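Descriptive structure summary
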Amino acid sequence: MQISKDMLIGDLVRMHEAIPAMLMRAGMHCLGCPSSQAESLEEACMVHGIDCDTLVANMNEVLATL
């Protein structure tokens, strides 16, 4: 499985059980908010001031070991 910054938060949290924890550690604490489910990872990163490319790379690195 490979994550990209255009994927929706709702799809990501359903993709693998480890993903919500990774997003929470990155500073996205509103995963349960209905509006966040239709937001892309890139949009969510922009709102939270997170470098999306770094987050995607880190998440893909972790997922590659699972």
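Residues numbered from 1 in each chain as written. Predicted model: local features only at pLDDT ≥ 70, side-chain atom pairs only at ≥ 80, totals over all residues. Heavy atoms only, no water.

1. Brief notes about the side chain of Asn60
Tracing the backbone through its elements, the reader meets Asn60 in helix 4 (residues 52-64). The exposure class of Asn60 is buried, given its relative accessible area of 12%. Those residues in contact with Asn60 that lie beyond four places of it in its chain are Met1, Gln2 and Ile3. (Helix = DSSP H or I, 4+ residues; strand = E, 2+ residues; numbered from the N terminus. Buried < 20%, exposed > 50% of the residue type's maximum accessible area, 1.4 Å probe, protein only. Contact = heavy atoms within 4.5 Å.)

2. What about the nonpolar core?
For soluble globular proteins, nonpolar side chains are generally found buried alongside one another. Counting 18 residues, the largest nonpolar core has Ile3, Ile9, Ile19, Leu23, Met28, Leu41 and Leu55 as the members making the most contacts within it. Looking at which element gives the most residues to this core, the answer is helix 4, with five residues. Here Leu55 is in contact with Leu23, Ala26, Met28, Leu41, Cys45 and Ile50, once residues within four sequence places are set aside. (Core = buried A, V, L, I, M, F, W, Y, C linked by side-chain atoms within 4.5 Å.)

3. Quick look at the packing of helix 3 (residues 41-48) against helix 4
In the contact formed by helix 3 and helix 4, the axes pass within 9 Å of each other and the chain directions differ by 125°. Overall, the two elements helix 3 and helix 4 adopt an arrangement that is oblique. Like other packed secondary-structure pairs, helix 3 and helix 4 cross with a definite hand, here right-handed. Within the contact between the two elements, helix 3 uses Leu41, Glu42 and Cys45 and helix 4 uses Cys52, Leu55 and Val56. Across the contact of helix 3 with helix 4, the residue classes break down as five nonpolar, no polar and one charged. (Axes fitted to C-alpha atoms, helices over the stretch in contact; angles between N-to-C directions. Parallel < 35°, antiparallel > 145°, perpendicular 65-115°, else oblique. Left-handed = near helix turned anticlockwise from the far one by under 90°. Nonpolar A, V, L, I, M, F, W, Y, C, P; charged D, E, K, R; others polar.)

4. Quick notes on the packing of helix 2 (residues 19-26) against helix 4
Taken N-terminus to C-terminus, the directions of helix 2 and helix 4 make an angle of 145°; their axes are 11 Å apart at the nearest point. The element helix 2 and its partner helix 4 pack so that their crossing is right-handed. Contact with helix 2, carried on its side by Ile19, Met22, Leu23 and Ala26, involves Leu55, Met59, Val62 and Leu63 of helix 4 and no other residues of that element. Considering only residue class, the contact of helix 2 with helix 4 consists of eight nonpolar, no polar and no charged.

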